[in-house]
Structures are given as structure tokens and as C-alpha cells.
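Summary of structural features
As a plain string of letters, each chain reads:
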Amino acid sequence: MSHFEVINPGVLSLIQDAGRFGQSPLGLTNGGPLDAGSANWANALVGNSANASLLECSIGGLQLQAHCTATFAVTGASVTVTVNGQPKALWQSHHVHSGDIIELGMASLGLRAYLAVAGGFNITPQFGSSATVMREGIGGLHQNGAKLQAGDKLPLTSGTTLPARQLPVAIQPNFDFSKGLSLRLIEGYQHQMFSAVQRQRFYLNSYTITPKADRMGVKLSGPAISCSSQSLLSEGISYGAVQIPPDGQPIVLLNDRQTLGGYPKIGSVLSLDCWQLAQAPAGTVLQFVKTDPQQAHNALLLAQARFQRQLANM
Amino acid sequence: MNTSKPLYSLTVASENAVMVYFEQKMAADIAGLVQQAGPLIRHALGPHLLELLPSYASIMVVFNPFSTDHFAVKQWLQQALSALTAGSSKPGRRVELPVYYSEQSGPDLALIAKTKQLSVAEVIKLHQQQLYRVYAIGFAPGFAYLGEVAEKLTMPRLKTPRARVPRGAVAIADRQTAVYPAVSPGGWNLIGLCPTPMFQPQQHPAMPVAVGDEVQFVAISKAEFLALGGEL
């Protein structure tokens, strides 16, 4: 059977596809790649659709052995990629043969790298998706939410090779966050329960990414924001929602967030900006910038059009 | 014309989500509106709907931003929700969940009894007396929020959550009760153990209850609990 064997899973490697949707009646969250832009490009570089199963490798250290010919690409965080010790470029597809060893080094800029293979990894979906959600024990190779382990055999849908593709350097995302981030926020939910003064404080000040950051969400630290109401009935939490718990320190909720929660929310970060929270290290400074639903909608359509134009030019 | 208060309001949640808010209280009539609204919204949005998250007194409607926008979704919601009728609250199925109540299986029974100046037997009786409604499912897979617990049993969450609550733990917090579907940290007061699995990802259906169902807790003995597959 065509497969890649995991020699070393690295720090944290997970199987992901575009995510698990429509399962909220069971309390299941969405999962999916923390940096959807990089994941989409990894799949696109090997001719896959955006929902093909790929690997999300956090921090680095992943080592795989090919047991078939295949075309693969690595995108996302700056990691060294080698095949049998020979350096290979990121954002570009490469061929491997049976016995070849693919190795990802540790990330120097950014935190999450994506490895896709032509045809995708052939993972049995659970509740409609292969996305691994460790907290729920759902998805992944064994449909139990487990991260990759040494010895895992990752089946490939097809051991085919494709002509090499490359994303031009000029449009590769920048993973140097040392100058800080700007996150567009769509006001919503309980934003009217935050006074004008509290809202100004929220927009005018900088917040810092704390080490309390994972696939569920990212805790920030900065000037505390207070809300006029602390007791809410639990309600649906959207991707990118900015929750303000009683300590006033915002938490931005990401892919593996709990489906329902009862803390006040000031709004939601635009999905196009959320990837930076999962790629930027603790200590990165950021600022929220207010946007509205119309601008957000335009930004989404523009980003989609750009992606498709670039794909067509490849 | 109807001049009473509107039954709901719409609020933006994110770039592709709208909140439908009903009167913010835990009550059967509000839960009835949430339940009525679900199918109306599904029908109105059709393929544009990505996700629907009902809760106690709200529904989050997540739509495909590449096929529609907030403006259209709000219009569809207003049209669809004009069919809502107040006051009607049709509960779903009635589901019996067995519970082995004891100080062994419910380490907080004694504390509740002492705090509420009741006997342990009275606490157990009061918990079973109520027919609970499944108000929401979420937080974790298979976690069903049930209400309302009798006023006399209202207990705040523990000051320090337990690092490990066993699978099947029956617990109360404020006016809510629930069965923990899996081992997890938790801050609710534990009063017993339920042998019925609350979430079985390999089974269909994966859960014994759905939002809108009614739950009746029934006391069982230790022997019955073990015979039903419970583990102590």
C-alpha cells in the first residue's frame, strides 16, 4: 500500500482537513488547520482540493519515510526541509521515491508548517472530517483524536507524481511578526455591554500574545477591559470570537474552541487575520482595528479571488 | 396587530455568523422558541447554512460567506422567524437516565445536604423529582445542559474545579444539571454516576438525548449500576 511512515512525529503533528462542520448538535467543534492560508497553498501546490487531508506540524521536527513515489509540498512556518539530507525549498512541490526520508527542522519564523501530498492522505473521516481534535478524542489516523506517533503509517490516496509547482516569493506570506500584528475585528455579540471608554481602551492599546495559546484559543495580556454584564447564558462561539473573562484579558478563540460558552464577547477577529495568532510566538504585540461586516465580506471575496487567480497562473 | 415585545433580535457575531437572541432566560417557553426556530432557519437558508448552534435562549447561524452575506441572511431570518408563535413549547422525546446516587459515587452529596439543610435522601429525591429539559449541547462532545434544578438544590460551582471528574458523573451547578460524557476537569457538584454512555462516536445516534428532549433521572442500586456496565 502507498504510504508514508512516521519516523519521528516532531513536537506536535496532526492530520487536518478543512474542518468538521454541521456537528454542533453533538457538541463537536470545527478543528481544521490553524493557518488555513498556508494549508490551502500546501494542497494547491500538489494539485489537491482545499479539503484534502494534510499534516499540520507545530514547531517542527517531523520525520517521514516515503514507501512509494509521491509529490509533496511544505508551506507555512520557516522550517528547513530536507529529502535524504538534501535541502528543499518551502512553498514548492518536490518528488520523492520509496525509501526517501523527508525531514522538517525546527521553525525559525512562525510556528506551524503544513505538509501535503498529491492526492492527499487517505484518512477515514469521522463525523464527515479527518480533522484531529485531541480535546474531543475525534478524528485523525485512528479516529480517536490522537496526534501522530512514530510508526504510524499514513496511507496516500494515490502514489502519483505531478509536475513541480511553486508559489512566487512575492506572494508568500511573511512570518516575521516582530513589528507586531494588526487584527481586524467585527464588532458583535455583547459589544454594546462594553462602554465607549472600554471600547476605546480596547482599540487604542496594544495586547501581547501570552504562552497560554493552543488550538482552542490565544490568551492576550494588556489593559483589562470590563463589561457591564458578567453572567450570560451559554451561547454559540464563532471562529475568531474575542471573549473577555472576568480578569479583563481577551481570549481569541480558534479552531478547537468549545462550541458554547458564557463569557461576554466584544466581537470576532476576521478569519483572514486569525492565522497570525497561531503563527506568532508568545510576546508578539498586536492591536485590534475595527471593521464592519461589509468590509469583512469584501475582504473575504477579494482574498478568494486572489487565491484563484494565482492558482490559475501556476 | 400584535403590539407585544418582539420575540427575538438579530445581532452580528462574526464575518459569517448572526446571533438570534430570544429573551435571555432559562425557561421552557424560550427553549420552545429556540426549538421552533431551528427548522425554520434551516429551511430558509438551505445550502447557505454552514452551522446552527442553538443554546438556552439563542441560536448562532453560521453561513457560507462566499454564497451570501449578512444583509440577505438577516432578511431570510426575519421572514422565517415571522412564523414563530409564542407560548408553544413542545418537548421532544422523554429519555430515562439511571443514576447510582450514593456518597461513594457522588462525593458532593453530603456537602449539598449540609449546605441546604436537607438529608442526603432528600437531595437524591429532589434531583429525581424534576423533569429536565435538554437546553443545549456543547462545551464538550455529548455534554447536555439540563434544567432546571429545584430551587432548593441550587448550588454554586466549586471554588476550585476538580482536575478529574469521572465519566458518567451526574452533577449540578446553579439551576443546571448534567452527566459528564467523558473524564474531564470540572467544577460542578457531583451527586451520582450514570451508566448510560452520553457520547459514543462509533454509534448512531451518538447521543441518547437531543436538544428539546426531556430527561427523567431514575435511582438505581449499586448492583444495577454495575450490571448496566457502570464502573466505580
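Residues numbered from 1 in each chain as written. Chains lettered and ligands numbered in written order. Predicted model: local features only at pLDDT ≥ 70, side-chain atom pairs only at ≥ 80, totals over all residues. Heavy atoms only, no water.

**Description of the domain arrangement of chain B**
All names here are of chain B. Once the domains are mapped, chain B shows domain 1 (9–81) and domain 2 (94–227). With nine residues of domain 1 in contact, the opposing surface of domain 2 contributes ten residues. Between domain 1 and domain 2, a total of about 790 Å² is buried, with carbon and sulfur atoms accounting for 59% of that surface. Counting the surface domain 1 buries against domain 2, the share from its top three residues, Met26, Gln35 and Tyr56, is 63%. Our count for the contact surface shared by domain 1 and domain 2 stands at zero salt bridges. Joining domain 1 to domain 2, the criterion identifies three residue pairs in polar contact (both at pLDDT 80 or more). Top contributing element to the side of domain 1 that touches domain 2 by residue count: helix H1 (residues 28–45), with four residues. When grouped by side-chain class, the residues that make up the side of domain 1 that touches domain 2 number six nonpolar, three polar and no charged. (Domains from an automatic or database assignment. Contact = heavy atoms within 4.5 Å. Buried area = accessible area lost by both parts, 1.4 Å probe. Salt bridge = Lys/Arg side-chain N within 4 Å of Asp/Glu carboxyl O. Polar contact = N/O pair within 3.5 Å; in protein donor to acceptor, adjacent residues only side chain to side chain. Helix = DSSP H or I, 4+ residues; strand = E, 2+ residues; numbered from the N terminus. Nonpolar A, V, L, I, M, F, W, Y, C, P; charged D, E, K, R; others polar.)

**Points about the packing of aromatic side chains**
Two aromatic rings, taken as a pair, are described by how far apart their centres are and by the angle between their planes. Overall, the coordinates contain 20 aromatic pairs over all chains when judged by the stated rule. Through successive ring pairs, a cluster of aromatic residues spans B:Tyr56, B:Tyr135, B:Phe139, B:Phe143, B:Tyr145, B:Tyr180 and B:Trp188. A:Lys265 extends its terminal NZ or CZ atom over the ring of A:Tyr189, reaching a point 4.5 Å from the ring centre. (Phe/Tyr/Trp six-rings, centres within 6.5 Å; stacked < 30°, edge-to-face > 60°. Lys NZ or Arg CZ within 6 Å of the ring centre and 35° of its normal.)

**Some thoughts on the interface of chain B and chain A**
Taken residue by residue, the interface counts 39 residues in chain B and 42 residues in chain A. When chain B packs against chain A, close to 3000 Å² is buried across both sides, 61% of that on carbon and sulfur atoms. Looking at the side of chain B facing chain A, the largest losses of area belong to B:Glu15, B:Glu51 and B:Phe66, adding up to 21% of the total buried there. At the boundary of chain B with chain A, the tally comes to zero salt bridges.

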